[in-house]
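Listed here are the chains, written in short residue letters.
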Amino acid sequence: ENGSAAAIPIDPRFDIAYVTPVTIGTPPQTLYLDFDTGSSDLWVFSSHTPESQVRGQRIYSPEKSSTAKLLAGHTWSILYGDGSGSLGNVYTDNFTVGGVTVTSQAVQTAQQVSYSFTSQSEIHGLVGLGFSTLNTVFPNGQLTFFDNAKSTLDSPVFTADLKWKKEGTYDFGFIDETKYTGEITYLPVQTDPGYWTFTSSGYAVGDGAFHPASIVGIADTGTSLTYLPAEVVTSYWGQVDGAVDSDYYGGYVFPCSSKLPSFTFGVGPANITIPASYINYAQITEGSPVCFGGLQSSSWLGVNIWGDVALKAAFVVFNGANPPTIGWAKK
Ligand SMILES: CCNC(=O)c1c(-c2ccccc2)csc1NC(=O)CNCCc1c[nH]c2ccccc12
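Scope of this entry: the structure provided in the associated data block. Every value quoted in this text rests on a predicted model; they were computed, and no experiment measured them. (Residues numbered from 1 in each chain as written. Predicted model: local features only at pLDDT ≥ 70, side-chain atom pairs only at ≥ 80, totals over all residues. Heavy atoms only, no water.)

### Regarding the overall build of the protein chain
Reasoning step 1: From N to C terminus, the protein chain includes five helices and 24 strands.
Reasoning step 2: Taken over the C-alpha trace, the protein chain has a radius of gyration of 20 Å; the compact-globule value for 331 residues is 20 Å, and the two agree within 12%.
Reasoning step 3: Projected onto its principal axes, the C-alpha coordinates of the protein chain cover approximately 60 × 45 × 35 Å.
Reasoning step 4: Considering the protein chain as a whole, with its 331 residues, one finds that 56% of them fall into the buried category.
Reasoning step 5: Sequence-distant contacts in the protein chain: of pairs separated by 6 or more residues, those separated by 24 or more amount to 66%.
Reasoning step 6: For the protein chain, the accessible surface area stands at approximately 13,700 Å², while carbon and sulfur atoms represent 53% of it.
Reasoning step 7: The averaged location of the 28 negative side-chain charges in the protein chain is 6 Å from the averaged location of its 14 positive side-chain charges. (Helix = DSSP H or I, 4+ residues; strand = E, 2+ residues; numbered from the N terminus. Rg over C-alpha atoms; globule rule 2.2 N^0.38 Å. Buried < 20%, exposed > 50% of the residue type's maximum accessible area, 1.4 Å probe, protein only. Contact = heavy atoms within 4.5 Å. Areas by Shrake-Rupley, 256 points an atom, 1.4 Å probe, with all protein chains shown as cover. Lys, Arg positive; Asp, Glu negative; His and termini not counted. Charge placed at Lys NZ, Arg CZ, Asp CG, Glu CD.)

Structure, rendered in structure tokens:
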């Protein structure tokens, strides 16, 4: 059974993250979760989350679901690279998104969440769409929603059609030809340690020359910005009047009045262009003349991340066949 669900930006001013409605349990409880190809835990705010850590989020209450079953003796604990994290217990229950149902999906209920999640009232949890090897449930790792659903889908794929400051879609089981133009270019995926890791063939700044390069990075719907090697971002921001890599603001900032070039990245023989507007990510604070860049250095991360700023410029196919591949198309 295939499916399609909305990817809704949580903030009308800038695309911090996208959430998608899901239902869990019997009778169905609706939550809005962040579908995240950069991790592999499905966790939710729950009746087990201390009230002091819940600020407006909807919660999943397993005790109100006749189909919920505690996965006895199992716990989980996840720490993301940005220092945020959460931990708790595990239930299995019915899980539906966009018409696709998994009847015994591992649903990780939070007993602790870090402040950065408490402060995001629009995000009621995450649905990991990375490879199940990254799942943190102990002692037995659990399968992602996609791994569980794969066998019931017409094709073992899901696609991301994220949009700039607009609602996009995640499709499961099929490729919607109306959502892209030209051809889809498929690239091999390295599944170790469990991210959708691929190699970009280079980059260009604005209308400048294309620089062939092998940029190994992860396609990550759960990360807002795009983090690339220092020499790439230096050459980009070098074209912007007044742009500086600020320790104070924690990255490249620039005068909001400056004109930005677009950024093109290679996907095999093809390429994807990120419009300048996507790279003018946000004012530092409401009304500030200082703006924060959507393209930042990956020097301190240890990994290049093609986050939402890049993904929303393309139609992306996450192909879970054996071997997995990742497809990129213009739109
Ligand atoms: C900025 C969030 N991204 C990361 O930490 C991350 C890193 C990473 C590693 C080291 C330093 C910084 C980032 C590698 S893969 C990767 N990707 C993920 O971990 C994807 N999941 C992010 C979930 C997430 C963390 N904090 C949030 C706040 C709002 C919505 C979602 C989140």
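### Here we look at the packing of aromatic side chains
Reasoning step 1: A full pass over the atoms with the stated rule returns 27 aromatic pairs.
Reasoning step 2: Residues Phe35 and Tyr170 carry aromatic rings whose centres are separated by 5.6 Å and whose planes lie at 25 degrees to one another, so their mutual orientation is stacked. One end of the pair, Phe35, is in strand 3 (residues 29–36); the other, Tyr170, is in strand 10 (residues 166–172), and 135 residues separate them in sequence.
Reasoning step 3: Accessibility expressed as a relative area gives 0% for Phe35, which makes it buried.
Reasoning step 4: Measuring from ring centre to ring centre gives 4.8 Å for Tyr248 and Tyr249, while their planes differ by 85 degrees; the resulting arrangement is edge-to-face.
Reasoning step 5: Under the relative-accessibility criterion, Tyr248 is labelled exposed at 73%.
Reasoning step 6: Aromatic ring contacts, followed pair by pair, group Phe35, Phe95, Phe131, Phe145, Phe146, Phe158, Tyr170, Phe172, Trp196 and Phe318 into a single cluster.
Reasoning step 7: The aromatic ring of Tyr278 is capped on one face by Lys312, whose charged end is 5.8 Å from the ring centroid. (Phe/Tyr/Trp six-rings, centres within 6.5 Å; stacked < 30°, edge-to-face > 60°. Lys NZ or Arg CZ within 6 Å of the ring centre and 35° of its normal.)

### Regarding unusual backbone geometry
Reasoning step 1: A cis amide bond, omega -10 degrees, links Thr26 with the succeeding residue Pro27.
Reasoning step 2: Along the chain, Pro27 falls in the loop between strand 2 (18–24) and strand 3.
Reasoning step 3: With an omega of 5 degrees, the peptide bond between Phe138 and Pro139 qualifies as cis.
Reasoning step 4: With respect to the helices and strands, Pro139 occurs in the loop between strand 8 (125–128) and helix 2 (145–149).
Reasoning step 5: Although it is not a glycine, Lys165 sits at a positive phi angle of roughly 55 degrees.
Reasoning step 6: Judged by its relative accessible area of 36%, Lys165 is partly exposed.

### What to know about the state of the cysteines
By definition, a disulfide is the covalent link that joins the sulfur atoms of two cysteine residues.
Reasoning step 1: Scanning all chains against the criterion turns up one disulfide.
Reasoning step 2: With a sulfur-sulfur separation of 2.1 Å, Cys256 is cross-linked through a disulfide to Cys291. Here Cys256 and Cys291 share a disulfide; its torsion about the S-S bond, 105 degrees, makes the bridge right-handed. Residue Cys256 is found in the loop between strand 16 (251–255) and strand 17 (263–267), and its partner Cys291 is found in strand 20 (residues 290–293); the two are separated by 35 residues along the sequence.
Reasoning step 3: Here Cys291 falls in the buried class, since its relative accessible area comes to 3%. (Disulfide = S-S within 2.5 Å.)

### Notes on the pattern of salt bridges
Reasoning step 1: Summed over the entire model, instances satisfying the criterion amount to eight salt bridges.
Reasoning step 2: For Lys312, the salt bridge is made with Asp15, and the minimal N-O distance between the two is 2.7 Å. One end of the pair, Lys312, is in the loop between helix 5 (308–311) and strand 23 (315–319); the other, Asp15, is in the loop between strand 1 (3–9) and strand 2, and 297 residues separate them in sequence.
Reasoning step 3: By relative accessible area, which is 2% here, Asp15 ends up buried.
Reasoning step 4: Between Asp161 and Lys163 there is a salt bridge whose closest N-O contact spans 3.6 Å.
Reasoning step 5: Take Asp161: its relative accessible area is 4%, and that puts it in the buried class.
Reasoning step 6: One salt-bridge network, in which partners are shared between bridges, spans Asp11, Arg13 and Glu286. (Salt bridge = Lys/Arg side-chain N within 4 Å of Asp/Glu carboxyl O.)

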